[in-house]
Amino acid sequence: MTSKNVVVSDAKSSLAIGVHASNSSIFTASAQKPPAVPGGYLSISKAKVLKNLEINGNARINAWVDSMKASSPTHIKSTPSLADEQNSWMLGLPSALDMFEHIIEASRGKQIVMFMDYDGTLSPIVDDPDRAFMSKKMRATVRKLAKCFPTAIVSGRCLDKVYNFVRLAELYYAGSHGMDIKGPEKGSKNNKSTEAVVFQPASEFLPMIDEVYRELVEKIKSTPGAKVENNKFCVSVHFRCVEEKKWSELAHVVKSVLKEYPKLRLSQGRKVLEIRPTIKWDKGKALEFLLESLGFANCTDVFPVYIGDDRTDEDAFKVLRERGQGFGILVSKTPKDTSAFYSLQEPTEVMGFLQRLVESFYMANQECKKVLL
Ligand SMILES: O=P(O)(O)OC[C@H]1O[C@H](O[C@H]2O[C@H](CO)[C@@H](O)[C@H](O)[C@H]2O)[C@H](O)[C@@H](O)[C@@H]1O
């Protein structure tokens, strides 16, 4: 078992739920205080103060709902100016397929290590999260990929669930947004060391997450289409099948539950609100942890490639930019702010890219054999 220090942020005073100043996609159950009203000096009545607080609270809920809408493709209308925007975005974030030769050139002489998100990357987005199966062809491709390069799946789902979808024992898995890491069995072909890679930096949060999950299941019963998913170290509240006019009501429900848990925070994915511990741990930290576990901590000749479609994958893209190693690939058809270097439009393109990586690995090895003979 490998261990690391994890800092748990301690939010003590009164709660509010608001949009994080520097990143509108992140919501934090934070220690913000309500506006101070020095008694006696200002002639503001208690009722007025309460009214103001209510207005602030509503503004925050509106910000949530705006952000929920912004992440919804149904709100992106196709116009000529949008087509221009799409074209200029593609120029800044070229297709990883078009740039394939360039990518291979950049990785030459280095060890490629593959990291992939699951939903929306290896499997298409579907309405029912329990039916987000990956195709047999995709599984076969990932199996071949793992024969060529160390390969990890990094997902918001709990480890067991993502493993049951992927079903490849030779991979590394980081479930619950990287808070539940497990490698292949020790001594196996893909883990020659005598140590099994296991890491759970948020284990103390298990009872709290379980409690929040049960509360949310009860409370969302009044919102048709809403679904709560227990992802072990985090909870997902899905609104993909909720009528848009009910989104604000759902945001209120989640807020009312979360305000009792200052040690939990909220982030947003694709039509999903994700509740997780306020520890400084994310998919980026999981990527670093796995590189270290694989023995590439201070290596200059490692080339990590991270493919993902979600806002939570941005943490991993940023780590790669900061390290100046490898690159991130964003899976998206529409322009998004990103720290990735390249793009792929959908899981079928991801599969095409992985297949080309496998082919180029075998071609390079044949070349090597020829040189050695
Ligand atoms: O990090 P990921 O592997 O991408 O996991 C993020 C969330 O993915 C799943 O939800 C998303 O996919 C569902 C199935 O296609 C879709 O119905 C939902 O709207 C998407 O948000 C998963 O169910 C969540 O628990 C993950 O947090």
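Heads up: the structure comes first, above all this text.
Since we're looking at a predicted model, the values are computed, not measured.

Undergrad: What am I meant to see in the overall build of the protein chain here?
TA: Within the protein chain, the regular secondary structure consists of 10 helices and 14 strands. The burial tally for the protein chain puts 45% of its 373 residues in the buried class. Sequence-distant contacts, at least 24 apart, represent 63% of the contacts inside the protein chain between residues at least 6 apart. Split by element, the accessible area of the protein chain, about 18600 Å² in all, is 53% carbon and sulfur.

Undergrad: So what exactly am I meant to see when it comes to the sheet that holds strand β5 (residues 172-175) here?
TA: In any sheet, the strands associate via hydrogen bonds between backbone groups, in a parallel or an antiparallel arrangement. One open sheet accounts for eight strands, arranged β7-β6-β5-β4-β3-β12-β13-β14; its pairing is mixed. Both outer strands of the open sheet, β7 (198-199) and β14 (342-344), are each paired with one neighbouring strand and no more. In this sheet, strand β13 (residues 327-331) lies alongside strand β12 (residues 302-308) in parallel orientation, the contact comprising four bridges. Note that in β13 the partner of Gly308 across the bridge is Leu330. Contacts between helix α5 (residues 159-166) and the sheet are confined to β4 (151-154), β5 and β6 (180-182), with β5 contributing the most and set at about 135° to the helix. Helix-sheet contacts for helix α9 (residues 314-323) involve β12 and β13, and the interaxial angle to β13 is about 150°.

Undergrad: When you look at helix α3 (residues 100-107) in this model, what are you seeing that I'm missing?
TA: At 3.6 residues per turn, the α-helix brings residues three or four places apart onto the same side. For α3, the full list of buried residues reads Phe100, Ile103, Ile104 and Ser107. The buried residues of α3 occupy one face: seen down the axis, they fall within an arc of 95°. Following α3 by one or two positions, Gly109 has its phi on the positive side, about 80°.

Undergrad: Would you mind going over the pattern of salt bridges with me for this structure?
TA: For side chains bearing opposite charge, pairing can occur when the charged atoms are close. Across all of its chains, the model carries 17 salt bridges by this definition. Residues Glu105 and Arg108 are paired through a salt bridge, measuring 3.3 Å at the closest nitrogen-oxygen approach.

Undergrad: How should I be thinking about the environment of Glu314 in this particular structure?
TA: Residue position: Glu314 is located in helix α9. For the pair Glu314 and Val235, spaced 79 residues apart in sequence, the C-alpha separation works out to 19 Å. Residues within four places of Glu314 in sequence aside, it is in contact with Leu330, Asp337, Thr338, Ser339 and Ala340. Side-chain polar atoms of Glu314 contact the side chain of Thr338, separated by 2.7 Å.

Undergrad: Could you clarify how one ought to interpret unusual backbone geometry in this entry?
TA: Across the chain, the bulk of peptide bonds are trans and the bulk of non-glycine residues have phi less than zero. The backbone of Arg167 sits at a positive phi, close to 50°, despite the residue not being glycine. Here Arg167 lies in the loop between α5 and β5.

Undergrad: What should I look at first to understand the packing of helix α8 (residues 283-293) against α9 in this one?
TA: Relative placement of two packed helices is described by the angle separating their axes and the distance separating the axes. Running from N to C, α8 and α9 cross one another at 55°; their axes reach a closest spacing of 6 Å. Considering the angle they form, α8 stands oblique to α9. Residue-level contacts link Lys283, Gly284, Leu287, Glu288 and Leu291 of α8 to Asp315, Ala316, Val319, Leu320 and Arg323 of α9.

Undergrad: Explain the environment of Pro201 to me, please; I cannot follow it from the model alone.
TA: Along the chain, the position of Pro201 falls in the loop between β7 and α6 (206-219). Sequence separation of Pro201 and Met179 is 22 residues, and the distance between their C-alpha atoms is 5.8 Å.

Undergrad: What is the right way to look at the site of the ligand in this model?
TA: Around the ligand, the structure places 22 residues, and the nearest of them are Val126, Glu229, Arg240, Arg270 and Glu274. Within the contact set of the ligand, an oxygen atom lies 2.6 Å away from a side-chain nitrogen or oxygen of Glu229. The side chain of Arg240 places a nitrogen or oxygen atom 2.6 Å from an oxygen atom of the ligand. Contact with the protein chains covers 99% of the free accessible surface of the ligand, which is 570 Å². Put simply, the parts of the chain that give the shell around the ligand at least two residues each are β9 (235-238) and β11 (272-277). Looking at side-chain class alone, the shell around the ligand contains seven nonpolar, five polar and 10 charged residues.

Undergrad: How should the pairing of strand β3 (residues 111-116) be read in this particular structure?
TA: Within a regular strand, side chains alternate between the sheet's two faces. Counting buried positions along β3 yields five of six residues, so the element is predominantly enclosed. By the bridge criterion, six bridges tie β3 to β12 in an arrangement that is parallel. Residue pairing across strands places Met114 opposite Val305, the latter belonging to β12. Here β3 pairs with β4 via three bridges, running parallel. Bridge pairing in β4 places Phe115 opposite Ala152.

Undergrad: Sorry if this is basic, but what is going on with the pairing of β11 here?
TA: The buried fraction of β11 is high, at six of six residues. Pairing analysis gives four bridges linking β9 to β11, with the strands arranged antiparallel. Within the sheet, the bridge partner assigned to Val235 lies in β11 and is Ile275. Where strand β10 (residues 264-269) meets β11, six bridges bridge the pair, whose relative direction is antiparallel. Looking at β11, one finds that Leu264 is bridged to Pro277. Linking β10 back to β11 in an antiparallel pair, the connection comprises two residues, with Lys271 at a positive phi of about 50°.

Cut-offs used in this document
- Residues numbered from 1 in each chain as written.
- Predicted model: local features only at pLDDT ≥ 70, side-chain atom pairs only at ≥ 80, totals over all residues.
- Heavy atoms only, no water.
- Helix = DSSP H or I, 4+ residues; strand = E, 2+ residues; numbered from the N terminus.
- Buried < 20%, exposed > 50% of the residue type's maximum accessible area, 1.4 Å probe, protein only.
- Contact = heavy atoms within 4.5 Å.
- Areas by Shrake-Rupley, 256 points an atom, 1.4 Å probe, with all protein chains shown as cover.
- Pairing = 2+ DSSP bridges.
- Axes fitted to C-alpha atoms, helices over the stretch in contact; angles between N-to-C directions.
- Arc of directions from axis to C-beta.
- Salt bridge = Lys/Arg side-chain N within 4 Å of Asp/Glu carboxyl O.
- Polar contact = N/O pair within 3.5 Å; in protein donor to acceptor, adjacent residues only side chain to side chain.
- Parallel < 35°, antiparallel > 145°, perpendicular 65-115°, else oblique.
- Near = heavy atom within 4 Å.
- Nonpolar A, V, L, I, M, F, W, Y, C, P; charged D, E, K, R; others polar.

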